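The lines below spell out each chain.
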Amino acid sequence: MRVLRSRTALLFGLLVAAGLLFVCLLASVRFGAARIGTWDVISAFIDYGGSEDDLIIRTLRVPRALVAALVGASLAVAGAVIQGVTRNPLSDPGILGIEAGAALAVVASVFILGASSLTTYALFAFVGAAAAAVVVYGLGTLGGVMTPMTLVVAGAALASLLSSLTTAVLIFNQRTLEEIRFWLAGSVAGRDLELLIQVLPYLSVGLLLAFALGRQITALTLGEDVATGLGQRTAWVRFLSIATVVLLAGGAVAVAGPIGFVGLVVPHVAHFFVGVDYRWILPYSALLGAVLLVSADIAARLVLRPQELPVGIMTALVGAPFFIYLARQRVKG
Amino acid sequence: MKEWVVIRPRGGRVSLRIDPRAVVVFAVLALVSFAGVVANVGVGEYPIPPLDIVLALFGVESGDANYGFIVNVLRLPRALVAVLVGAALAVSGTILQGLTKNDLAAPDIVGINAGAGLAAVTLIVAFPSVSAAYLPPAAFCGAIVVAVTLYVLAWRGSSSPTRLILIGVGLSAVATALTTFMITFGEIYQVSQALVWLTGSVYGRSWEQIFILLPWLVVFMPLAFLRFRHLNALNLGDEVATGLGSRVELERGLLVLASVALAASAVATAGTIAFVGLMAPHIARRLVGPAHGGLLPVSAMTGGTMVVLADLVGRTLFAPVEIPCGIVTAVIGAPFFLYLLYKTRKT
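K.L.:
Got a sec to walk through the overall build of chain A? Specific residues and values, please.
P.N.:
Along its length, chain A carries 14 helices and 0 strands. Taken over the C-alpha trace, chain A has a radius of gyration of 20 Å; the compact-globule value for 333 residues is 20 Å, and the two agree within 12%. Dimensions of chain A, computed from C-alpha atoms along their principal axes, come out at roughly 65 × 55 × 35 Å. Sorting the 333 residues of chain A into buried and exposed places 56% on the buried side. A fraction of 80% describes how many contacts in chain A between residues 6 or more apart in sequence connect residues 24 or more apart.

As structure tokens, then:
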């Protein structure tokens, strides 16, 4: 099953996706709690006057749109890599408990160390995500491949364990709860460029590494034996893939909090367009993931206006039914 | 081979085959959980010596006239709720693990808890004026709605354990997202209350709650226990079960019903106490082996013991500050879970 058959079509599709992303980014800058006209948006860029609208555009909306795009791309690529390496269509960083690990680490840091800035959150989120990823993903791949079922159940159980520990911490401290609850829902609101620049190295290294691994992951999806037969050192590829997922998912959660299901849905969409070759799935996932999260963020801002919904809730409400649909379609027996 | 004791009346068509080891283990666990109840009742602002508790339980007047009231009215219900809820969760988990042949299956992860949690948190946060008495029925409805949706969605001509679990994970995610929404936008004080409920606690439970919980256990525990033979068969796979004469869909439906009803009534009474439904069946299997005839009752007793002891620990560890027993079970659950994950990987 693949819609785009020739190489030219694939490249053209990539261009279209990039165009779509650009449009979404513009829309994200245009729409929001404060009503700002299209012309004012343009003037904020070409004729910066320092008016309130200009400030909103430059310091709030543009960074936010960029953060959403980058986080979406990272989560989607992380999801694609996990799905490929574990040969499991039902996994993503959220389902496997990686994001719950980040959440627990951040809540613990607020509670124990009194951390209060997004930068500190980012650091701890990264550590927590990495730890959880190594536990579940390492166990799932290093010692032979788990069945999709076992891996998903293991991840779900890990996630539920971690979140009950998170709740435990929150019960004891209302201040921690007050500070952290919006972060916990997953949101790109109020992220500035500085924060983005801090995690940019991780995310870009992760993305490059993932793109470089495209051919190897494609071979792995054919099975361990085939990959070995093709001359691949599979253990090494798996290790690099874990590293990629930790960099991408850890970095994404560090910026935006736990945002689920982007990594689940997007690779399937990419797969629909380009088929089974990860050299194409990965770049398509990156662009489509960015498109998805930027538009989800726009929707999250508009549905409850002037309140805004954390985008993580938005993606879960769209993504979880998709997961159920997949489980219904794919699981026969 | 195990030594079985078989009781068969002369000419009778019914026989009872009992594993003596399961009986012994069950008795020992029952004693431990009784000791747990007594210890739990004795601890508090007004400590009561164990002997006086036992006397008070049997209605005998002893040293202090207040003992009877404190023991039977104030403290005993709480300890009993702990035992009952633990037993219900454990049986629910045992059934799910048996049906799905998956060591990690439990009511926690198939969305039953998440559905109950969503309903309860919505009630606490969105309708703060509604009396707390409506919490259990609301939570129960939440769990049942999720369970029915789960079964309907997982049905494609026939039910499949794998689909049940995976779709449960998905439904759990939906319910959790909506719960997060409530937590994010609710009044901070009510959110705090809701979180305590979400963690699971038997604080302040009275006889009233026990009388609401008990009928569910009385109906569905025996239902599960009596269907142990079919659970054994289904555990071997649908083909084998069919070959052994089980009506697969009917039996599976009944067992799922029992599992859901038990989990839902437990969660409605005490909130979502984590990991009892996951851990208790494993411990019980270690003790008496995988045959469900002995496993189900032993697992129930294990669960009851776990929760009553967890509550004891939670009350005494940082007294006078009380830790909800759900936190204690979660903390104990963490290393246990990693061990299970490790074991699952190897096989």
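Picking up after the structure, the text goes on.
K.L.:
Mind laying out the overall build of chain B, listing which residues take part and the relevant values?
P.N.:
Looking only at helices and strands, one finds 14 helices and 2 strands in chain B. Along the first, second and third principal axes, the C-alpha atoms of chain B reach 60 × 55 × 40 Å. Buried residues in chain B amount to 55% of all 347 residues. The long-range fraction of contacts in chain B, counting pairs at least 24 apart against all pairs at least 6 apart in sequence, stands at 73%.

K.L.:
Mind laying out the interface of chain A and chain B, listing which residues take part and the relevant values?
P.N.:
Taken together, the contacts link 38 residues of chain A with 44 residues of chain B. Mapped by element, the contributors of at least two residues to the side of chain A that touches chain B are helix H6 (148-172), helix H7 (174-184) and helix H14 (311-330) of chain A. Take the side of chain A that touches chain B: its biggest share by element is 15 residues, from H6(A). Residues that form the side of chain A that touches chain B fall into these classes: 27 nonpolar, 8 polar and 3 charged.

K.L.:
Give a description of the environment of A:Arg181 that names residues and reports values.
P.N.:
As for its placement among the helices and strands, A:Arg181 is situated in helix H7. Spatially, the C-alpha atoms of A:Arg181 and A:Val107 are 9.3 Å apart, while their sequence positions differ by 74 residues. Setting aside chain neighbours within four positions, we find A:Arg181 in contact with B:Ile183 and B:Thr184.

K.L.:
Which residues make up helix H3 (residues 52-85) of chain A, and what are the values?
P.N.:
Residue and element names in this part refer to chain A. If you check H3, its first and last C-alpha atoms are 48 Å apart, about what 34 residues at 1.5 Å a residue would give, namely 50 Å. Along its length, H3 shows its largest kink, about 30°, at Arg61, and proline Pro63 lies within four residues downstream of that point. Taken from the residues just after H3, Arg87 is the one with a positive phi, measuring 50°.

K.L.:
Can you tell me about the confidence of the model for chain B, naming the residues and giving the values?
P.N.:
Residue and element names in this part refer to chain B. When pLDDT is averaged across chain B, the result is 84; 96% of the residues are at 70 or more. Least confident of the elements in chain B is strand E2 (residues 16-18), whose mean pLDDT is 72; most confident is helix H13 (residues 292-316), at 91. Reported confidence for the predicted complex is 0.80 by ipTM and 0.83 by pTM.

K.L.:
Now, about the packing of helix H1 (residues 20-42) of chain B against helix H3 (residues 65-100) of chain B: what can you tell me, with residues and values included?
P.N.:
All names here are of chain B. Across the interface, H1 lies against H3 with an axial gap of 9 Å and an inter-helix angle of 140°. As the angle between them shows, H1 and H3 are arranged oblique. Where H1 crosses over H3, the two elements pack in a sense that is right-handed. Within the contact between the two elements, H1 uses Ser33, Val37, Asn40 and Val41 and H3 uses Val71, Arg75, Leu76, Ala79 and Val83. Partitioning the contact of H1 with H3 into residue classes produces 6 nonpolar, 2 polar and 1 charged.

K.L.:
Requested: an account of the environment of B:Val43, with residues and values cited.
P.N.:
All names here are of chain B. With respect to the element layout, Val43 can be found in the loop between H1 and helix H2 (50-57). Assessed through the 16 C-beta atoms surrounding it within 10 Å, Val43 is described here as partly exposed. Excluding residues that lie within four positions of it along the chain, Val43 makes contacts with Leu312, Arg315 and Thr316.

K.L.:
Provide a residue-level description of unusual backbone geometry, including the pertinent values.
P.N.:
Residues and elements named next belong to chain A. One non-glycine residue, Phe261, lies in the positive phi region at around 75°. Its place among the elements puts Phe261 in the loop between helix H11 (234-256) and helix H12 (262-274). Exposure remark for Phe261: the 29 C-beta atoms within 10 Å place this residue in the buried category.

K.L.:
Describe the packing of H1(B) against H13(B), with residues and values.
P.N.:
Residues and elements named next belong to chain B. Between H1 and H13, the shortest axis-to-axis distance is 9 Å and the interhelical angle comes to 20°. Comparing their axes, H13 and H1 come out roughly parallel. For H1 against H13, the interelement crossing comes out left-handed. Here Ala22, Val25, Phe26, Leu29, Ala30, Val32, Ser33, Gly36, Val37, Ala39 and Asn40 of H1 come into contact with H13, specifically with Gly294, Pro297, Val298, Met301, Thr302, Gly304, Thr305, Val308, Leu309, Asp311 and Leu312. Tallied by class, the residues present in the contact of H1 with H13 amount to 14 nonpolar, 7 polar and 1 charged.

K.L.:
Residue-level account of the confidence of the model for chain A, with values.
P.N.:
Mean pLDDT over chain A stands at 84; residues scoring 70 or higher make up 93%. Across chain A, the element-wise mean pLDDT spans from 71 in helix H2 (residues 38-46) of chain A up to 92 in helix H13 (residues 278-303) of chain A.

K.L.:
Outline the environment of A:Asp40, supporting the account with residue identities and numerical values.
P.N.:
On the secondary structure map, A:Asp40 appears in helix H2. Sequence spacing of A:Asp40 and A:Ile57 is 17 residues, and the spatial spacing of their C-alpha atoms is 9.1 Å.

Quick notes on the rules
Residues numbered from 1 in each chain as written. Chains lettered and ligands numbered in written order. Predicted model: local features only at pLDDT ≥ 70, side-chain atom pairs only at ≥ 80, totals over all residues. Helix = DSSP H or I, 4+ residues; strand = E, 2+ residues; numbered from the N terminus. Rg over C-alpha atoms; globule rule 2.2 N^0.38 Å. Buried ≥ 20, exposed ≤ 12 C-beta atoms within 10 Å, placed from the backbone. Contact = placed C-beta atoms within 7 Å. Nonpolar A, V, L, I, M, F, W, Y, C, P; charged D, E, K, R; others polar. Expected span 1.5 Å × (residues − 1). Bend = angle between axes of the 7 residues up to and from the residue. pLDDT = per-residue confidence, 0-100. Axes fitted to C-alpha atoms, helices over the stretch in contact; angles between N-to-C directions. Parallel < 35°, antiparallel > 145°, perpendicular 65-115°, else oblique. Left-handed = near helix turned anticlockwise from the far one by under 90°.

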